[in-house]
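Here is what each chain is made of, one letter per residue.
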Amino acid sequence: MKIRDILNRGKPSVSFEVFPPKADAPFGPVRDAVTQLAAMKPTFISVTYGASGNAQANTAEIASFVQACGTPALAHLTCLTSSRDRIAEEVSTLKANGIENILCLRGDYPRQTAGAVPADATPNDFAHAVDLVRALRPSDFCLGGACYPECHPECGHIQDDIAHLKEKVDAGLDFLTTQMFFDNNVYFHYLARLRTAGITVPVLAGIMPVVNGKQIDRICRLSGTVLPPRFRAIVDRFGDDPASMLDAGVAYATEQIIDLFANGVDAVHIYTMNKPEVAGRIMVNLRGILS
(Lines give C-alpha, C1' and ligand atoms only; values in the text may rest on other atoms or scores of the structure.)
Protein backbone atom coordinates (compact mmCIF):
# COMPACT_ATOMS: atom_id res chain seq x y z
CA MET A 1 0.00 0.00 0.00
CA LYS A 2 1.27 3.48 -0.82
CA ILE A 3 2.08 5.73 2.13
CA ARG A 4 0.55 8.78 0.46
CA ASP A 5 -2.83 7.02 0.46
CA ILE A 6 -2.47 6.04 4.12
CA LEU A 7 -1.60 9.60 5.15
CA ASN A 8 -4.58 11.00 3.27
CA ARG A 9 -6.93 9.20 5.64
CA GLY A 10 -6.45 12.00 8.18
CA LYS A 11 -6.17 9.62 11.13
CA PRO A 12 -3.38 9.57 13.75
CA SER A 13 -0.47 7.65 12.27
CA VAL A 14 2.57 6.14 13.98
CA SER A 15 5.28 4.52 11.89
CA PHE A 16 8.58 2.89 12.85
CA GLU A 17 12.10 2.78 11.45
CA VAL A 18 14.53 -0.14 11.55
CA PHE A 19 18.00 -0.66 10.14
CA PRO A 20 19.35 -3.78 8.44
CA PRO A 21 22.21 -5.78 9.96
CA LYS A 22 25.75 -4.70 9.26
CA ALA A 23 27.82 -6.68 6.82
CA ASP A 24 28.28 -10.31 7.93
CA ALA A 25 25.94 -9.80 10.91
CA PRO A 26 23.06 -12.26 11.36
CA PHE A 27 19.58 -11.39 10.12
CA GLY A 28 17.84 -13.12 13.00
CA PRO A 29 17.79 -10.25 15.51
CA VAL A 30 16.51 -7.79 12.90
CA ARG A 31 13.79 -10.19 11.76
CA ASP A 32 12.76 -10.70 15.38
CA ALA A 33 12.59 -6.93 15.90
CA VAL A 34 10.51 -6.46 12.74
CA THR A 35 8.12 -9.24 13.75
CA GLN A 36 7.52 -7.61 17.14
CA LEU A 37 7.20 -4.11 15.68
CA ALA A 38 4.78 -5.23 12.98
CA ALA A 39 2.58 -6.82 15.64
CA MET A 40 2.02 -3.31 17.06
CA LYS A 41 0.21 -2.34 13.83
CA PRO A 42 2.22 0.72 12.78
CA THR A 43 1.18 2.64 9.69
CA PHE A 44 4.36 1.46 7.98
CA ILE A 45 7.94 0.44 8.77
CA SER A 46 10.85 2.10 7.03
CA VAL A 47 14.13 0.27 6.42
CA THR A 48 17.33 2.30 6.25
CA TYR A 49 19.99 1.90 3.60
CA GLY A 50 22.79 1.07 6.00
CA ALA A 51 25.35 3.42 7.54
CA SER A 52 27.31 5.42 4.94
CA GLY A 53 25.77 3.42 2.10
CA ASN A 54 26.85 0.02 3.40
CA ALA A 55 24.59 -3.04 3.61
CA GLN A 56 22.31 -1.71 0.87
CA ALA A 57 21.71 -5.23 -0.40
CA ASN A 58 19.96 -6.04 2.87
CA THR A 59 17.40 -3.24 2.59
CA ALA A 60 15.21 -4.97 0.00
CA GLU A 61 15.29 -8.25 1.92
CA ILE A 62 14.26 -6.64 5.21
CA ALA A 63 11.63 -4.48 3.50
CA SER A 64 10.19 -7.59 1.86
CA PHE A 65 10.06 -9.29 5.26
CA VAL A 66 8.25 -6.24 6.70
CA GLN A 67 5.53 -6.66 4.10
CA ALA A 68 5.37 -10.39 4.71
CA CYS A 69 4.45 -9.41 8.29
CA GLY A 70 1.44 -7.50 6.93
CA THR A 71 2.88 -3.98 7.22
CA PRO A 72 3.65 -1.58 4.34
CA ALA A 73 7.40 -1.03 3.91
CA LEU A 74 9.32 2.12 3.03
CA ALA A 75 12.75 1.34 1.57
CA HIS A 76 15.51 3.93 1.88
CA LEU A 77 17.56 4.48 -1.26
CA THR A 78 20.73 6.59 -1.43
CA CYS A 79 22.26 7.75 -4.67
CA LEU A 80 25.49 9.73 -4.24
CA THR A 81 27.87 6.91 -5.16
CA SER A 82 25.54 5.16 -7.60
CA SER A 83 25.30 5.12 -11.38
CA ARG A 84 21.96 5.26 -13.16
CA ASP A 85 22.32 1.60 -14.05
CA ARG A 86 22.89 0.63 -10.43
CA ILE A 87 19.88 2.66 -9.24
CA ALA A 88 17.75 1.08 -11.95
CA GLU A 89 18.85 -2.36 -10.78
CA GLU A 90 18.07 -1.65 -7.13
CA VAL A 91 14.69 -0.13 -8.00
CA SER A 92 13.91 -3.22 -10.06
CA THR A 93 14.76 -5.41 -7.07
CA LEU A 94 12.46 -3.38 -4.82
CA LYS A 95 9.64 -3.61 -7.34
CA ALA A 96 10.13 -7.36 -7.70
CA ASN A 97 9.78 -7.65 -3.92
CA GLY A 98 6.47 -5.77 -3.96
CA ILE A 99 7.85 -2.58 -2.39
CA GLU A 100 5.77 0.46 -3.35
CA ASN A 101 7.43 3.20 -1.27
CA ILE A 102 10.94 4.67 -1.52
CA LEU A 103 12.63 7.30 0.65
CA CYS A 104 14.92 9.27 -1.68
CA LEU A 105 18.20 10.23 -0.02
CA ARG A 106 21.53 11.60 -1.18
CA GLY A 107 23.58 9.54 1.26
CA ASP A 108 27.28 9.90 2.04
CA TYR A 109 30.53 8.49 0.80
CA PRO A 110 31.65 5.32 2.62
CA ARG A 111 33.57 6.11 5.77
CA GLN A 112 36.68 4.24 4.65
CA THR A 113 37.28 6.85 1.95
CA ALA A 114 37.98 9.50 4.62
CA GLY A 115 36.41 12.21 2.49
CA ALA A 116 37.90 11.08 -0.81
CA VAL A 117 35.68 10.27 -3.78
CA PRO A 118 35.58 6.50 -4.37
CA ALA A 119 36.87 5.31 -7.73
CA ASP A 120 33.45 3.93 -8.73
CA ALA A 121 31.46 6.97 -7.63
CA THR A 122 29.50 8.81 -10.31
CA PRO A 123 28.38 12.06 -8.67
CA ASN A 124 27.47 13.54 -12.04
CA ASP A 125 24.59 11.06 -12.19
CA PHE A 126 23.19 11.78 -8.72
CA ALA A 127 24.91 14.64 -6.93
CA HIS A 128 21.82 15.43 -4.86
CA ALA A 129 18.65 13.71 -3.70
CA VAL A 130 16.59 15.82 -6.12
CA ASP A 131 18.35 14.02 -8.99
CA LEU A 132 17.09 10.70 -7.64
CA VAL A 133 13.56 12.08 -7.23
CA ARG A 134 13.53 13.22 -10.85
CA ALA A 135 14.78 9.84 -12.03
CA LEU A 136 12.12 7.92 -10.07
CA ARG A 137 9.12 10.20 -10.51
CA PRO A 138 7.99 8.67 -13.81
CA SER A 139 7.61 5.38 -11.92
CA ASP A 140 4.59 4.35 -9.88
CA PHE A 141 6.45 4.41 -6.55
CA CYS A 142 5.30 6.62 -3.69
CA LEU A 143 8.32 8.84 -2.98
CA GLY A 144 9.34 10.35 0.34
CA GLY A 145 12.18 12.64 1.36
CA ALA A 146 14.02 13.78 4.46
CA CYS A 147 13.99 17.25 5.98
CA TYR A 148 15.76 18.99 8.85
CA PRO A 149 13.81 21.26 11.23
CA GLU A 150 17.10 22.60 12.63
CA CYS A 151 18.70 22.91 9.16
CA HIS A 152 20.77 20.33 7.32
CA PRO A 153 24.23 20.09 8.95
CA GLU A 154 25.90 20.89 5.61
CA CYS A 155 23.71 23.89 4.81
CA GLY A 156 24.63 27.30 6.16
CA HIS A 157 21.16 28.83 6.43
CA ILE A 158 17.67 27.47 7.00
CA GLN A 159 16.21 29.53 4.15
CA ASP A 160 18.62 27.94 1.68
CA ASP A 161 17.82 24.52 3.10
CA ILE A 162 14.08 25.10 2.64
CA ALA A 163 14.67 26.31 -0.91
CA HIS A 164 16.51 23.07 -1.71
CA LEU A 165 13.70 21.11 -0.05
CA LYS A 166 11.05 22.82 -2.16
CA GLU A 167 13.03 21.85 -5.25
CA LYS A 168 12.84 18.20 -4.15
CA VAL A 169 9.12 18.42 -3.42
CA ASP A 170 8.41 20.12 -6.74
CA ALA A 171 10.35 17.31 -8.45
CA GLY A 172 7.77 14.85 -7.17
CA LEU A 173 7.95 13.93 -3.48
CA ASP A 174 4.71 12.72 -1.93
CA PHE A 175 5.68 13.27 1.72
CA LEU A 176 8.54 14.29 4.01
CA THR A 177 9.93 12.89 7.25
CA THR A 178 11.86 15.11 9.63
CA GLN A 179 15.13 14.45 11.36
CA MET A 180 14.66 13.88 15.08
CA PHE A 181 13.92 16.85 17.30
CA PHE A 182 13.40 17.16 21.05
CA ASP A 183 11.49 20.44 21.21
CA ASN A 184 8.08 20.40 19.51
CA ASN A 185 8.16 24.16 19.02
CA VAL A 186 11.06 23.59 16.63
CA TYR A 187 8.79 21.37 14.52
CA PHE A 188 5.81 23.73 14.67
CA HIS A 189 7.90 26.75 13.60
CA TYR A 190 9.57 24.74 10.86
CA LEU A 191 6.25 23.46 9.51
CA ALA A 192 4.94 27.03 9.36
CA ARG A 193 7.99 28.06 7.32
CA LEU A 194 7.49 25.14 4.94
CA ARG A 195 3.86 26.05 4.36
CA THR A 196 4.82 29.68 3.76
CA ALA A 197 7.36 28.47 1.20
CA GLY A 198 4.61 26.58 -0.62
CA ILE A 199 5.51 23.08 0.57
CA THR A 200 2.14 21.43 1.16
CA VAL A 201 2.92 17.68 1.30
CA PRO A 202 2.53 15.81 4.62
CA VAL A 203 5.49 16.26 6.98
CA LEU A 204 5.92 13.33 9.37
CA ALA A 205 7.40 14.33 12.74
CA GLY A 206 10.50 12.26 13.55
CA ILE A 207 10.78 11.23 17.19
CA MET A 208 13.68 9.32 18.75
CA PRO A 209 13.17 7.87 22.23
CA VAL A 210 16.52 8.34 23.95
CA VAL A 211 17.03 5.51 26.42
CA ASN A 212 20.83 5.57 26.49
CA GLY A 213 22.35 8.73 27.90
CA LYS A 214 25.79 7.93 26.51
CA GLN A 215 24.58 8.06 22.91
CA ILE A 216 22.85 11.41 22.96
CA ASP A 217 25.87 13.67 22.42
CA ARG A 218 26.97 11.66 19.38
CA ILE A 219 23.44 11.67 17.98
CA CYS A 220 23.14 15.42 18.31
CA ARG A 221 26.60 16.02 16.87
CA LEU A 222 25.88 13.99 13.74
CA SER A 223 22.37 15.32 13.15
CA GLY A 224 22.74 18.94 14.23
CA THR A 225 19.90 18.48 16.72
CA VAL A 226 19.85 20.72 19.79
CA LEU A 227 18.84 19.42 23.20
CA PRO A 228 16.43 21.73 25.05
CA PRO A 229 17.43 22.43 28.68
CA ARG A 230 14.53 20.34 29.98
CA PHE A 231 15.71 17.23 28.19
CA ARG A 232 19.36 17.92 28.94
CA ALA A 233 18.45 17.92 32.63
CA ILE A 234 16.83 14.49 32.21
CA VAL A 235 19.94 13.07 30.54
CA ASP A 236 22.23 14.63 33.15
CA ARG A 237 20.14 13.22 35.99
CA PHE A 238 19.31 9.75 34.69
CA GLY A 239 21.81 9.07 31.89
CA ASP A 240 24.04 6.84 34.03
CA ASP A 241 21.14 4.73 35.31
CA PRO A 242 19.83 2.54 32.45
CA ALA A 243 16.51 1.67 34.10
CA SER A 244 15.74 5.28 35.00
CA MET A 245 16.85 6.57 31.59
CA LEU A 246 14.57 4.02 29.91
CA ASP A 247 11.58 5.25 31.93
CA ALA A 248 12.47 8.90 31.35
CA GLY A 249 13.18 8.48 27.63
CA VAL A 250 9.91 6.66 26.99
CA ALA A 251 7.97 9.23 29.01
CA TYR A 252 9.57 12.17 27.19
CA ALA A 253 8.95 10.69 23.73
CA THR A 254 5.36 9.83 24.67
CA GLU A 255 4.74 13.38 25.86
CA GLN A 256 6.17 14.77 22.62
CA ILE A 257 3.90 12.56 20.52
CA ILE A 258 0.76 13.37 22.52
CA ASP A 259 1.51 17.09 22.22
CA LEU A 260 1.98 16.74 18.46
CA PHE A 261 -1.33 14.93 18.04
CA ALA A 262 -3.09 17.44 20.29
CA ASN A 263 -1.86 20.26 18.07
CA GLY A 264 -3.12 18.77 14.82
CA VAL A 265 -0.14 16.71 13.67
CA ASP A 266 -1.47 13.52 12.07
CA ALA A 267 1.72 11.51 11.48
CA VAL A 268 4.64 10.63 13.76
CA HIS A 269 7.65 8.51 12.77
CA ILE A 270 9.55 6.79 15.59
CA TYR A 271 13.24 5.99 15.19
CA THR A 272 13.12 2.71 17.09
CA MET A 273 16.84 1.80 16.88
CA ASN A 274 15.57 -1.81 16.47
CA LYS A 275 14.27 -1.79 20.05
CA PRO A 276 10.69 -3.14 19.95
CA GLU A 277 10.45 -3.05 23.74
CA VAL A 278 10.84 0.74 23.69
CA ALA A 279 8.36 1.20 20.84
CA GLY A 280 5.97 -1.14 22.63
CA ARG A 281 5.96 0.92 25.80
CA ILE A 282 5.21 4.06 23.81
CA MET A 283 2.40 2.39 21.89
CA VAL A 284 0.82 1.21 25.16
CA ASN A 285 0.86 4.81 26.34
CA LEU A 286 -0.88 5.88 23.11
CA ARG A 287 -3.41 3.05 22.87
CA GLY A 288 -6.43 5.19 23.69
CA ILE A 289 -5.42 7.98 21.28
CA LEU A 290 -4.67 5.64 18.39
CA SER A 291 -7.83 3.60 18.86
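As a reminder, the structure under discussion sits directly above these lines.
Treat the numbers as computed from the prediction; the structure is a model and nothing was measured.

1. A look at the layout of surface pockets
Using a probe with the size of a water molecule, rolled over the atoms, empty space left in the structure can be pinpointed.
So, point 1. Empty space within the second largest pocket amounts to approximately 280 Å³.
So, point 2. Around the second largest pocket, the lining comprises 14 residues; the ones closest to its centre are Arg9, Pro12, Ser13, Lys41 and Thr43.
So, point 3. The residue makeup of the lining of the second largest pocket, split by class, is nine nonpolar, two polar and three charged.

2. Topic: the packing of helix 6 (residues 158-172) against helix 7 (residues 184-196)
So, point 1. Closest axis-to-axis distance for the helix 6/helix 7 pair is 11 Å, and the angle between their directions is 55 degrees. With respect to helix 7, the element helix 6 is oriented oblique. Regarding helix 6 and helix 7, the two cross each other, and that crossing is right-handed. Here helix 6 contributes Ile158, Gln159, Ile162 and Leu165 to the contact with helix 7, which in turn contributes Tyr190, Arg193 and Leu194.
So, point 2. In the contact of helix 6 with helix 7, the residues fall into five nonpolar, one polar and one charged.

3. Observations concerning the pattern of salt bridges
Opposite charge on two side chains allows them to pair when their charged atoms are near.
So, point 1. On inspection of all chains with the given rule, the structure shows 13 salt bridges.
So, point 2. A salt bridge links Glu154 to Arg106, with the nearest nitrogen and oxygen atoms 3.1 Å apart. Separated by 48 residues along the polypeptide, Glu154 in the loop between strand 5 (142-147) and helix 6 and Arg106 in the loop between strand 4 (101-105) and helix 5 (129-136) bring together distant segments of the chain.
So, point 3. In this structure Glu154 comes out as exposed when scored by relative accessible area, which is 56%.
So, point 4. Taking the relative accessible area as the measure of exposure, Arg106 reaches 23% and is therefore partly exposed.
So, point 5. If you follow the salt bridges from partner to partner, you end up with Lys2, Glu100 and Asp140 in one network.

4. Overview of unusual backbone geometry
So, point 1. Of note, Lys41 is a non-glycine position whose phi angle comes to about 60 degrees, a positive value.
So, point 2. Along the chain, the position of Lys41 falls in the loop between helix 2 (28-38) and strand 2 (45-47).
So, point 3. Phi at Met273 takes a positive value of approximately 55 degrees, unusual for a residue other than glycine.
So, point 4. Here Met273 falls in the partly exposed class, since its relative accessible area comes to 35%.

Scoring rules and cut-offs
Residues numbered from 1 in each chain as written. Predicted model: local features only at pLDDT ≥ 70, side-chain atom pairs only at ≥ 80, totals over all residues. Heavy atoms only, no water. 1 Å grid on protein atoms, 1.4 Å probe; cavity = no way out; pocket = protein on both sides within 12 Å on 5 of 7 lines; lining within 4 Å. Points joined across faces, edges and corners; volume = space filled by probe spheres on them. Nonpolar A, V, L, I, M, F, W, Y, C, P; charged D, E, K, R; others polar. Axes fitted to C-alpha atoms, helices over the stretch in contact; angles between N-to-C directions. Helix = DSSP H or I, 4+ residues; strand = E, 2+ residues; numbered from the N terminus. Parallel < 35°, antiparallel > 145°, perpendicular 65-115°, else oblique. Left-handed = near helix turned anticlockwise from the far one by under 90°. Contact = heavy atoms within 4.5 Å. Salt bridge = Lys/Arg side-chain N within 4 Å of Asp/Glu carboxyl O. Buried < 20%, exposed > 50% of the residue type's maximum accessible area, 1.4 Å probe, protein only.

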